[in-house]
Amino acid sequence: MSNEVYEVPNSERGHLPIKLLYVTKAKFDKDWHSTNHTHHFTEILYITKGKGTFIYSKEEVPIKEHDLIVINPNIEHTEKSGPDYPLEYIALGIQGLAFSSPDDPGIQATFFNYKEEHKVYLFYLQQLMEEVENQKEDYELIIHNILEILLLKMMRKKTFNLEKTSSEKISKDVAFIKNYIKQHFREEINLDTLAEVGHINKYYLSHSFKKAFGVSPIEYLIQIRIRESKILLETTNYPISSISAITGFSSQSFFAQSFKRVTDLSPSQYRNAKNSKKNKTRKSKVTNEEVMQITSQ
């Protein structure tokens, strides 16, 4: 029996200073929103099916199955699907690094095709999706290691370098979205709207906003609308349907549902409770004045 032993030397390379912000699957359908956007982290797209076009700067690059696209931070871009072969892809948002090339220091996006090795790369990408979806014990550590393996395999095959990036700008973007919601809560707003005005990837926006403020952007929007509706319920005689429209809710039923979820009361119950409290306060005030008049006689 033969027995071969391979000695494994210690590696001089440390772990990559990276963080996986999100993993998502996207598929072209009638609700696909193709808008230019930027994000302040690196994004990797792996095309699993279909054909389309990747648009960035002034370039339009055809993309197809098993293409892998690396988009560096702060690069405005979008994707368009071909009508006959709808695009499907897996997207990774990675904080802490950018890709550079010795031949092109200002590289914005790079394109690779892994058709011959697609089983290897799809295996790691699917493992990332599975770990994130199931979130079993120590999944954070596992996804970091899988991502690191994926990046190192990419570096082994292609000539490019990894550079550290700062996440300082990220918090400014999230703060901008928060302020935008405060100023425009009466308007029709959804996650795509916020991503477009902030030039931010919507998956990253949802993740980073919740991390910063404890709620999703849409939940924060609802909270702002509820807060404004409380003021109108307390200080005006506007019909509830009018208050619903004024504060930006798409329908009175959704307003009532959201209001009760947040306050445990329907809008009418809240108004009645506040009016009852005001009446008791007025009655108490009148009674006190009467007592003072009697005692002064």
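Structure shown above.
Bear in mind the structure is a predicted one, so any value in this text is a computation, not a measurement.

A.B. asks: What exactly am I supposed to notice about the side chain of aspartate 67 here?
C.D. replies: Counting through the fold element by element, aspartate 67 comes out in strand β5 (residues 67-71). Of the polar contacts made by the side chain of aspartate 67, one reaches the backbone nitrogen of lysine 64; its length is 2.9 Å.

A.B. asks: Sorry, what's going on with the packing of aromatic side chains here?
C.D. replies: Geometrically, a pair of aromatic rings is defined through the distance of the ring centres and the angle of the planes. Tallied over the entire structure, the rule returns 15 aromatic pairs. A ring pair is formed by tyrosine 56 and phenylalanine 111, whose centres lie 5.9 Å apart and whose planes are at 40°; its orientation type is tilted. Of this pair, tyrosine 56 sits in strand β3 (residues 51-56) while phenylalanine 111 is found in strand β9 (residues 109-113), placing the two residues 55 residues apart along the sequence. A relative accessible area of 12% places tyrosine 56 in the buried class. With a centroid separation of 6.4 Å and 35° between ring planes, the pair formed by phenylalanine 176 and tyrosine 180 is classed as tilted. Of this pair, phenylalanine 176 and tyrosine 180 both sit in helix α3 (residues 168-184), separated by four residues, roughly a single helical turn. On the basis of relative accessible area, phenylalanine 176 is assigned to the partly exposed category, the value being 41%.

A.B. asks: Would you explain the nonpolar core in this entry?
C.D. replies: Across soluble globular proteins, nonpolar side chains have a tendency to be buried as a group. Counting residues in each nonpolar core, the largest one holds 31 residues, and the members touching the most others are Leu45, Phe54, Ile69, Ile177, Ile181, Leu194 and Phe209. Elements supplying a minimum of two residues to this core: β1 (19-27), β2 (42-49), β3, β5, β7 (88-95), α3, α5 (202-213) and α6 (217-235). Here this core gets four residues from one element, more than from any other, and that element is α3. Residues within four places of isoleucine 181 in sequence aside, it is in contact with Leu194, Phe209, Pro217, Tyr220, Leu221 and Ile224.

A.B. asks: Explain helix α8 (residues 252-263) to me, please; I cannot follow it from the model alone.
C.D. replies: Because each turn of an α-helix spans 3.6 residues, side chains separated by three or four positions in sequence point in the same direction. Compared with an ideal rise of 1.5 Å per residue, which puts twelve residues at 16 Å, α8 spans 16 Å between its outermost C-alpha atoms and is within 8% of the ideal. Phe255, Ser258, Phe259 and Thr263 are the residues of α8 that are buried. Down the axis of α8, the smallest arc covering the buried residues is 110°, so these residues share one side. Facing away from the buried side of α8 by more than 90 degrees, the exposed set consists of Ser253 and Gln257. Aspartate 264, located one to two residues past α8, shows a positive phi value of around 70°.

A.B. asks: For this particular structure, what's the right way to read the sheet that holds strand β4 (residues 59-64)?
C.D. replies: Picture the strands of a sheet paired through backbone hydrogen bonds; they go either parallel or antiparallel. The strand order across the open sheet formed by three strands is β4-β3-β6, and the pairing between neighbours is antiparallel. Unpaired on one side and paired on the other, β4 and β6 (77-81) mark the two borders of the sheet. The sheet shows a mean angle of 25° between the axes of neighbouring strands, taken without regard to direction. Two elements, β3 and β4, share six bridges in a ladder whose sense is antiparallel. In the strand pairing of β4, phenylalanine 54 is matched with valine 61.

Thresholds applied
Residues numbered from 1 in each chain as written. Predicted model: local features only at pLDDT ≥ 70, side-chain atom pairs only at ≥ 80, totals over all residues. Heavy atoms only, no water. Helix = DSSP H or I, 4+ residues; strand = E, 2+ residues; numbered from the N terminus. Polar contact = N/O pair within 3.5 Å; in protein donor to acceptor, adjacent residues only side chain to side chain. Phe/Tyr/Trp six-rings, centres within 6.5 Å; stacked < 30°, edge-to-face > 60°. Buried < 20%, exposed > 50% of the residue type's maximum accessible area, 1.4 Å probe, protein only. Core = buried A, V, L, I, M, F, W, Y, C linked by side-chain atoms within 4.5 Å. Contact = heavy atoms within 4.5 Å. Expected span 1.5 Å × (residues − 1). Arc of directions from axis to C-beta. Pairing = 2+ DSSP bridges. Axes fitted to C-alpha atoms, helices over the stretch in contact; angles between N-to-C directions.

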